[in-house]
Amino acid sequence: MPSAPDPRRRLPSVDALLRSDRGRRAVAALGRDVVRRAVQDALAEARATLARGRPAAEPEPLLTAAVARAEADLAGIGRTINATGVVLHTGLGRAPLALEAADAVARVATGYADLEVERTTGARGRRTSRTERLLAALTGAEAALTVNNGAAALLLSLAALAGRREVVVSRGELIEIGGEFRLPEVMAASGARLVEVGTTNRTRGADYRRAIGPRTALILKVHPSNYRVVGFTESVAVGELAGIARESGVPLLFDVGSGLLRRRAPLPSDEPAIDEALAAGADLVCFSGDKLLGGPQAGLLVGRRDLVDRARRHPIARAVRVDKMTVAALEATLRLYATGRAVEIPLWTLLATPRRTLLARARALAAEIPGATARASETSVGGGSVPGTALPSAAVVVPAKRPDRLAARLRTGPTPVFCRVEVGGVALDLRAVAPDEDALLAAAVRAALEAEPR
Ligand SMILES: *Cc1c(COP(=O)(O)O)cnc(C)c1O
């Protein structure tokens, strides 16, 4: 019986596509290695589509898609305008750095730096000792430790302080946050054994007391940074938990996540501040550098010296150390707090702008965009902080029959803009847009509208 012809045979070969006119031009402009791999990947996808019984793309669009991917990979990461309203948007890189921090990075990036040497003695030093002294001074902690990100700070603390022993944590705090961070999985990876207490909505002091025994190494409290349990709820405040920890002779680790160094307007009072968590008796507090601290990606650990030292000596500490650019950005960011210049941190300017200022800018922008209107809006801080709290804001609304298509045009233009897609149009929220970006934003929207008529 003759077998049916395999439709995969009809796909062109990699070489045939690369030898075509467009293939040659792409190779000349983008380099053979990257274009060849993009074409191989596009062909593999086409074969998989055929194998599922669906028609694959024709050679011409297949090559177009491959070249577009190669171009995007070589163009790399770029500056974008964040008109989503979410100030700490993980997809858009979280906190924008202060100019002073960006300058510090640029200065050390292209040359050498006194990263691990003492300038006065020439002796070997530690790369993060300056950062850690500043952090300790600003939070009132005995000691501090700097690693690569918040997840690493937690992993390291658990591995160093609990080893294979038990860690007691409330069921209401077994969180998942964006980017594949699931608390139970991080705990499992550290080797520590998870002992869950209480229920999703209610955990009391007695629940912790019952679970603590001879195998308990640590009590963990986690700020449920991206959701809020409302209604019939109860959790144990850090002060009460610190009392229980002390009675049982077990340290308390508080994963605050968001990293509000000290209380500042306009954040609500239930957003935990690092200095308050330590003053309330937490033995160790960990948080991210690029959330409410307003610095680079980093994981920071502050608290009792003996516990910080144990974490510092653990081999994972070396595996998750920071590079010189992070050190430079963190030192500069902390310097701004230390010298009373936190307002120079873009995050605090963005968060502190009154809605009426944003509305006035929205009206001025709307006047420059055909068919657009200005209105009050609400947004959130994002980045695992201040969950459930709406931030008053203002937006420019651009009507469109196909809002998703307009949003795609905005993302792929020469100045990429990320906005909110709504029914009947897109909303450009100004909460996370710096005033000096307004003119660029207006131009980008006008260009997108010309390319994508409504
Ligand atoms: C954000 C967050 C983390 C992870 O921090 P990264 O810097 O993103 O690695 C861990 N715990 C909590 C509570 C957080 O909010």
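Residues numbered from 1 in each chain as written. Predicted model: local features only at pLDDT ≥ 70, side-chain atom pairs only at ≥ 80, totals over all residues. Heavy atoms only, no water.

1. Observations concerning the packing of aromatic side chains
Here's step 1: This structure, assessed with the given rule, holds zero aromatic pairs.
Here's step 2: Seen from the ring of phenylalanine 254, lysine 221 lies directly overhead, with NZ or CZ sitting 5.9 Å from the centre.
Here's step 3: Note that arginine 264 overlies the ring of tryptophan 348, its terminal NZ or CZ placed 4.9 Å from the centroid. (Phe/Tyr/Trp six-rings, centres within 6.5 Å; stacked < 30°, edge-to-face > 60°. Lys NZ or Arg CZ within 6 Å of the ring centre and 35° of its normal.)

2. Some words on the sheet that holds strand β3 (residues 166–170)
Here's step 1: Read from one edge to the other, the open sheet built from seven strands follows the order β2-β10-β9-β8-β7-β3-β6, with strand pairing classed as mixed. The open sheet terminates on both sides in strands that have one partner only, identified here as β2 (143–147) and β6 (193–197). Here the average twist between neighbouring strands, direction ignored, is 25°.
Here's step 2: The strands that helix α12 (residues 305–313) touches are β2, β9 (284–288) and β10 (299–303); relative to β2, the one it contacts most, it runs at about 25°. (Pairing = 2+ DSSP bridges. Helix = DSSP H or I, 4+ residues; strand = E, 2+ residues; numbered from the N terminus. Axes fitted to C-alpha atoms, helices over the stretch in contact; angles between N-to-C directions. Contact = heavy atoms within 4.5 Å.)

3. So, a positive patch on the surface
Here's step 1: Taken together, Arg19, Arg24, Arg32, Arg36 and Arg37 make up a surface patch of like positive charges.
Here's step 2: Considering every element that reaches the positive patch, the biggest residue donor is helix α3 (residues 32–51), with three residues.
Here's step 3: Relative to the helices and strands, arginine 32 resides in helix α3.
Here's step 4: Overall, the relative accessible area of 44% leaves arginine 32 in the partly exposed class. (Patch = residues over 30% accessible without salt bridge, like charges linked within 9 Å, V, L, I, M, F, W, Y side chains within 5 Å. Areas by Shrake-Rupley, 256 points an atom, 1.4 Å probe, with all protein chains shown as cover. Salt bridge = Lys/Arg side-chain N within 4 Å of Asp/Glu carboxyl O. Lys, Arg positive; Asp, Glu negative; His and termini not counted. Charge placed at Lys NZ, Arg CZ, Asp CG, Glu CD. Buried < 20%, exposed > 50% of the residue type's maximum accessible area, 1.4 Å probe, protein only.)

4. Quick notes on the domain arrangement of the protein chain
Here's step 1: Taken domain by domain, the protein chain holds domain 1 (11–75), domain 2 (81–92 + 349–450) and domain 3 (99–342).
Here's step 2: Centre-to-centre, using C-alpha coordinates, domain 1 lies 46 Å away from domain 3. (Domains from an automatic or database assignment.)

5. Some words on the pattern of salt bridges
Here's step 1: Within this structure, the stated rule accounts for 34 salt bridges.
Here's step 2: For arginine 22, the salt bridge is made with glutamate 60, and the minimal N-O distance between the two is 3.3 Å. Taken together, the positions of arginine 22 in helix α2 (residues 21–30) and glutamate 60 in helix α4 (residues 59–75) put the pair 38 residues apart, joining distant regions of the chain.
Here's step 3: Assessed through its relative accessible area of 48%, glutamate 60 is described here as partly exposed.
Here's step 4: For arginine 94, the salt bridge is made with aspartate 290, and the minimal N-O distance between the two is 3.0 Å. Remark: aspartate 290 occurs in the loop between β9 and β10 and arginine 94 occurs in the loop between β1 (81–82) and α5 (99–109); sequence separation between them is 196 residues.
Here's step 5: Relative accessible area serves as the criterion here: at 8%, aspartate 290 is assigned to the buried category.
Here's step 6: The network of salt bridges with shared partners includes Glu100, Arg335, Arg341 and Glu344.

6. Focus: helix α7 (residues 150–162)
Here's step 1: For α7, built from 13 residues, the straight-helix expectation of 18 Å at 1.5 Å per residue is met to within 8% by its first-to-last C-alpha distance of 18 Å.
Here's step 2: Across the 13 residues that make up α7, a large majority, 11, are buried.
Here's step 3: For α7, every residue scored as buried is listed here: Gly150, Ala152, Ala153, Leu154, Leu156, Ser157, Leu158, Ala159, Ala160, Leu161 and Ala162.
Here's step 4: With a side-chain oxygen positioned 3.3 Å from the backbone nitrogen of alanine 151, the residue opening α7 is asparagine 149.
Here's step 5: Glycine 163 sits one or two positions beyond α7 and adopts a positive phi of about 55°. (Expected span 1.5 Å × (residues − 1). Polar contact = N/O pair within 3.5 Å; in protein donor to acceptor, adjacent residues only side chain to side chain.)

7. A closer look at the sheet that holds strand β15 (residues 425–429)
Here's step 1: Strand order in the open sheet formed by four strands is β11-β12-β15-β14, with antiparallel pairing between adjacent strands. Whereas interior strands pair on both sides, the edge strands pair on one side only; in this sheet they are β11 (373–379) and β14 (420–422). Adjacent strand axes in the sheet meet at a mean angle of 40°, parallel and antiparallel pairs treated alike.
Here's step 2: Across the face of the sheet, helix α16 (residues 355–366) comes into contact with β11 and β12 (391–399) while running at roughly 10° to β12.

8. Quick word on the side chain of threonine 216
Here's step 1: Its location among the elements puts threonine 216 in strand β7 (residues 216–222).
Here's step 2: For threonine 216, a relative accessible area of 6% translates into the label buried.
Here's step 3: One polar contact links the side chain of threonine 216 to the main-chain amide nitrogen of glycine 213, over a distance of 2.8 Å.
Here's step 4: Discounting chain neighbours no more than four positions away, the residues touching threonine 216 are Arg165, Glu166, Val168, Ala211 and Val250.

9. Some remarks on the packing of α7 against α12
Here's step 1: Running from N to C, α7 and α12 point in directions that differ by 105°, and their axes come no closer than 9 Å. Considering the angle they form, α7 stands roughly perpendicular to α12. For the pair formed by α7 and α12, the contact residues are Leu156, Ala160 and Leu161 on the first element and Leu307, Arg310 and Ala311 on the second.
Here's step 2: Split by residue class, the contact of α7 with α12 holds five nonpolar, no polar and one charged. (Parallel < 35°, antiparallel > 145°, perpendicular 65-115°, else oblique. Nonpolar A, V, L, I, M, F, W, Y, C, P; charged D, E, K, R; others polar.)

10. Observations regarding the packing of α3 against α4
Here's step 1: One way to put it is that α3 packs onto α4 with a least axis distance of 8 Å and a crossing angle of 135°. What the angle tells us is that α3 and α4 run oblique. Once α3 is placed against α4, the crossing between them reads as right-handed. The residues of α4 that touch α3, namely those facing Val34, Val35, Ala38, Val39, Asp41, Ala42, Leu43, Glu45 and Ala46, are Leu62, Leu63, Ala66, Arg69, Ala70 and Leu74.
Here's step 2: When grouped by side-chain class, the residues that make up the contact of α3 with α4 number 12 nonpolar, no polar and three charged. (Left-handed = near helix turned anticlockwise from the far one by under 90°.)

11. Some remarks on the environment of alanine 26
Here's step 1: Positionally, alanine 26 belongs in helix α2.
Here's step 2: Once the C-alpha coordinates of alanine 26 and glutamate 368 are considered, the two residues, 342 residues apart in sequence, prove to be 38 Å apart.
Here's step 3: Apart from residues lying up to four places away in sequence, alanine 26 is in contact with Gly31, Val35 and Val67.

12. Details of the side chain of serine 377
Here's step 1: With respect to the helices, strands and loops of the structure, serine 377 is situated in strand β11.
Here's step 2: The contacts of serine 377, once residues within four sequence positions are left out, are Arg355, Leu391, Pro392, Ser393, Ala394, Ala395, Arg420 and Asp429.

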